[in-house]
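# Coordinate inspection notes
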Amino acid sequence: KAMNIFLTFIGLGISAAVVQCAIIQNAIQKDNIKIQLFDKRYKVYQSVLNTITLIKRDNWDRYILFKENDINQQFLSIEEELYKSVNLSLYLFDNDIYLKLKDINNSFDKVAKAYKKMCIANVQSILSEGRLSEYILLFQYFLTSRQGDPKKYEDELKDKFPKEYIAIMEFSKECDVYLSVVVESKILADIGKYIKVDNLDK
């Protein structure tokens, strides 16, 4: 009889240990899901930040001089990442954030088109007309005369390279519009609420 009681206690002890292990494994799985959710949400957040960082570069007009440079690949990569993030956001956030990200993506598409036009059309124009050295001299003047009037550079660019100037201004305008869309949407603050550690259960 004593042996039966002993075996019963052992059985209960094993059962308790199994239950305890299951509880711990369940907690670990929940934590892993939270970490994965954080990573995916942060990736969306980062994709918007990357577009802002890219756009806030100075002297974008210098890129019309080059066909093959790292910035072209970076621009395409960031454009693609934002597009993927918008589609991913449908499953990670509420509908309001998804719709805001769609608007942001549409606005960045216009920035990307203006950038491609500035790089491709203008490079072809300058190279085909043999005016590359003239443009480089003008741009070097701008870089070395920081104390001078930047308006003078802009006026000379407009006068000597009207097609290139228009493309640069169109790109600049789309960049300003995009930054306004991002700021007015408050998207970074909205996503920020979701990536707080204590909000990952939402």
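Everything discussed here concerns the structure shown above.
Now for a description of the structure that goes with this document.

What counts and what doesn't
Residues numbered from 1 in each chain as written. Predicted model: local features only at pLDDT ≥ 70, side-chain atom pairs only at ≥ 80, totals over all residues. Heavy atoms only, no water. Phe/Tyr/Trp six-rings, centres within 6.5 Å; stacked < 30°, edge-to-face > 60°. Helix = DSSP H or I, 4+ residues; strand = E, 2+ residues; numbered from the N terminus. Buried < 20%, exposed > 50% of the residue type's maximum accessible area, 1.4 Å probe, protein only. Contact = heavy atoms within 4.5 Å. Expected span 1.5 Å × (residues − 1).

Scanning the entire structure with this criterion turns up seven aromatic pairs. With centroids separated by 5.6 Å and ring planes inclined at 15°, the aromatic side chains of Phe75 and Phe108 adopt a geometry described as stacked. Taken together, the positions of Phe75 in helix α2 (residues 70–89) and Phe108 in helix α3 (residues 95–128) put the pair 33 residues apart, joining distant regions of the chain. Take Phe75: its relative accessible area is 1%, and that puts it in the buried class. With a centroid separation of 5.8 Å and 55° between ring planes, the pair formed by Tyr115 and Phe171 is classed as tilted. In this pair, Tyr115 is assigned in helix α3 and Phe171 in helix α6 (residues 162–185), connecting sequence segments 56 residues apart. A relative accessible area of 3% means that Tyr115 is categorised as buried.

Attention now goes to the side chain of Ser85. Mapped onto the secondary structure, Ser85 falls in helix α2. In this structure Ser85 comes out as buried when scored by relative accessible area, which is 3%. Residues contacting Ser85, with those up to four places away along its chain left out, are Lys43, Val44 and Ser47.

Between the first and last C-alpha of α6 there are 35 Å, a value that for 24 residues agrees with the 34 Å anticipated at 1.5 Å per step. Burial in α6 covers these residues: Glu164, Tyr165, Ala167, Ile168, Phe171, Glu174, Cys175, Tyr178, Leu179, Val182 and Ser185.

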